[in-house]
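Given next are the chains, with one letter for each unit.
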Amino acid sequence: MFGNYLIGLREGLEASLVVCILVAYLVKTGRRDALAPVWLGIGAAVLLSMAFGALLQFGSRSMTFEAQELLGGSLSIVAVALVTWMVFWMRRTARHLKRELHGKLDAALAMGTTALVVTAFLAVGREGLETALFVWTAVEATDDGVRPLVGAVLGLLTAVVLGWLFYRGALRINLARFFTWTGGMLVVVAAGVLAYGFHDLQEAEFLPGLHDRAFDVSEQIPADSWYGTLLKGVFNFQPDPTWVQVAVWALYLVPTLLLFLAPGKVTANRAATEESKPHETPAATSHADHHGGADGTAGSGDRVRDGARRAGDPAGGGQG
């Protein structure tokens, strides 16, 4: 349940941030007339995501067992690939997301109402489809009744509340750090989903080795025990995995997590920031000297003239 809660929270918060950025930009720029098309696009994206989830859930019931396992395994691999791309993309572009969305929204405003609907639909729809696919595959992997789905819904609701608090200005957190930590945990969850997806392919007889067990700790960690259920819900842990599952889990988790948590990307970003400062500082200083500081106070040149005037100029003297 926790793993699915994390999926719903992480994916839902991304979508909520996108909505907050779009709505706040329109409100601050005085374009409230464009809010209706934006909400229309957002609503269409949500409905499409729900329809896609329902299609996955109910459309697979009419298939044979082998076809269901083949579909589930294939979609698990696709979902893990999308989520992996998403966590790396968000880590790289989180600080630039606002500027990117503002640029797209400016272009859409210039093109008209249809462009606004499409922009909002695409911005939210991608997150919604990824969420529906990954939640469905995670629910199928845990095979734990409705609790995984409840966890995902609670995560989405939490994301909506957090998004509203962001919009109201009542919440301030380090988004880069938040997405780094949740992204790392999501990679761990994705590793379990990927391993179970390959198990589905083995059960569909698409891959061999279904009965070649790497180990079996079913007696030490019973699947129906509270800790067995916890490990299953959080990490998709299986007490008797096949060699293929163990190999896939390790080959995905170790390099992906090391690459995701590598400090080189952060160092590069800091270096780029430091390089940009020398180019920005002279312009900012010059601007402040001529027009005053950013807080509305007089610039340094004005302060010098005022001091000289107080020291030697007679009352009501000239301005030359």
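Residues numbered from 1 in each chain as written. Predicted model: local features only at pLDDT ≥ 70, side-chain atom pairs only at ≥ 80, totals over all residues. Heavy atoms only, no water.

Enquirer: Describe the overall build of the chain, listing the residues and the values that go with them.
Expert: Per the secondary structure count, the chain includes eleven helices and zero strands. Secondary structure elements in the chain, listed N-terminal to C-terminal, are α-α-α-α-α-α-α-α-α-α-α. Within the span of the chain, comprising 320 residues, buried residues form 39% of the whole. Within the chain, residue pairs in contact and separated by at least 24 positions form 79% of the contacts whose partners lie at least 6 positions apart. As displayed, the chain offers around 18,000 Å² of accessible surface, 66% of which is attributable to carbon and sulfur atoms. (Helix = DSSP H or I, 4+ residues; strand = E, 2+ residues; numbered from the N terminus. Buried < 20%, exposed > 50% of the residue type's maximum accessible area, 1.4 Å probe, protein only. Contact = heavy atoms within 4.5 Å. Areas by Shrake-Rupley, 256 points an atom, 1.4 Å probe, with all protein chains shown as cover.)

Enquirer: Tell me about the side chain of S49, and please be specific about residues and values.
Expert: In this structure, S49 sits in helix α2 (residues 35–59). With relative accessibility at 9%, the residue S49 sits in the buried group. Discounting residues that sit within four places of it in the chain, S49 has contacts with G125, G128, L129 and A132.

Enquirer: Got a sec to walk through the nonpolar core? Specific residues and values, please.
Expert: Residues I7, V80, V83, V87, F134, L186 and Y252 are the most contacted members of the largest nonpolar core, which totals 29 residues. Going through the elements one at a time, α1 (2–28), α3 (65–93), α5 (113–142), α7 (175–203) and α9 (243–261) are the ones with two or more residues in this core. The greatest single-element share of this core, amounting to eight residues, is contributed by α7. Setting aside chain neighbours within four positions, we find I7 in contact with G12, F134, V135, A138, L186 and V189. Counting 22 residues, the second largest nonpolar core, distinct from the first, contains I21, Y25, L26 and A115. (Core = buried A, V, L, I, M, F, W, Y, C linked by side-chain atoms within 4.5 Å.)

Enquirer: Could you give an account of the environment of A247, with specific residues and numbers?
Expert: For A247, the position within the fold is in helix α9. Counting along the chain gives 52 residues from A247 to A195, while the straight-line C-alpha distance between them is 8.5 Å.

Enquirer: Tell me about the packing of aromatic side chains, and please be specific about residues and values.
Expert: Scanning the model with the defined rule gives one aromatic pair in all. Residues F88 and F260 carry aromatic rings whose centres are separated by 5.4 Å and whose planes lie at 90° to one another, so their mutual orientation is edge-to-face. Linking F88 in helix α3 with F260 in helix α9, this pair joins segments that are 172 residues apart in sequence. (Phe/Tyr/Trp six-rings, centres within 6.5 Å; stacked < 30°, edge-to-face > 60°.)

Enquirer: So what about the environment of V193? Which residues, and what values?
Expert: Examined against the element boundaries, V193 turns out to sit in helix α7. Residues V193 and F237, 44 residues apart in the sequence, show an inter-C-alpha distance of 9.4 Å. Contact partners of V193, with chain neighbours within four places excluded, come to S76, V80, F134, T137, A138 and N236.

Enquirer: Please set out a nonpolar patch on the surface residue by residue, giving values where relevant.
Expert: There is a patch of nonpolar side chains on the surface, built from V146, L149, V150, V153, L154 and L157 and spanning about 510 Å² of accessible area. Relative to the helices and strands, V146 is located in the loop between α5 and α6 (147–168). We classify V146 as exposed; its relative accessible area is 58%. (Patch = residues over 30% accessible without salt bridge, like charges linked within 9 Å, V, L, I, M, F, W, Y side chains within 5 Å. Salt bridge = Lys/Arg side-chain N within 4 Å of Asp/Glu carboxyl O.)

Enquirer: I'd like a rundown of the side chain of H199, residues and numbers included.
Expert: Following the sequence through the fold, H199 ends up in helix α7. Judged by relative accessible area, which is 6%, H199 ranks as buried. When neighbours within four sequence positions are excluded, H199 is seen to be in contact with L210, R213, Q238, T242 and Q245.

Enquirer: Give a description of α9 that names residues and reports values.
Expert: The terminal C-alpha atoms of α9, which comprises 19 residues, lie 27 Å apart, in line with the 27 Å expected from a rise of 1.5 Å per residue. If you check which residues of α9 are buried, you get Q245, V248, Y252, L253, T256 and F260. Taken around the axis of α9, the buried residues stretch over an arc of 105°, which confines them to a single face. In this structure, α9 carries W243, L251 and L258 as exposed residues pointing more than 90 degrees from its buried face. (Expected span 1.5 Å × (residues − 1). Arc of directions from axis to C-beta.)

Enquirer: Tell me about the confidence of the model for the chain, and please be specific about residues and values.
Expert: Residues shown with low pLDDT carry predicted positions that ought not to be read at fine detail. Mean pLDDT for the chain: 74, with 76% of residues reaching 70 or above. This model gives residues 265–320 a pLDDT under 50, and the stretch forms 18 contacts once residues within four places in sequence are excluded. (pLDDT = per-residue confidence, 0-100.)

Enquirer: Summarise unusual backbone geometry; cite the residues concerned and give the values.
Expert: Trans is the common state for peptide bonds, and a negative phi is the common state for residues other than glycine. Non-glycine residue E205 carries a positive phi angle of around 60°. Along the chain, E205 falls in the loop between α7 and α8 (226–235).

Enquirer: Quick one: what's the story with α6, residue by residue and with numbers?
Expert: A rise of 1.5 Å per residue sets the reference length of α6, with its 22 residues, at 32 Å; its end C-alpha atoms lie 32 Å apart and thus fit the reference within 8%. The set of residues buried in α6 consists of P148, G151, A152, G155, A159, G163 and F166. Looking down the long axis of α6, one finds its buried residues gathered within 115° of arc, a one-sided arrangement. Those residues of α6 that are exposed and angled more than 90 degrees off the buried face are V160, W164 and R168.

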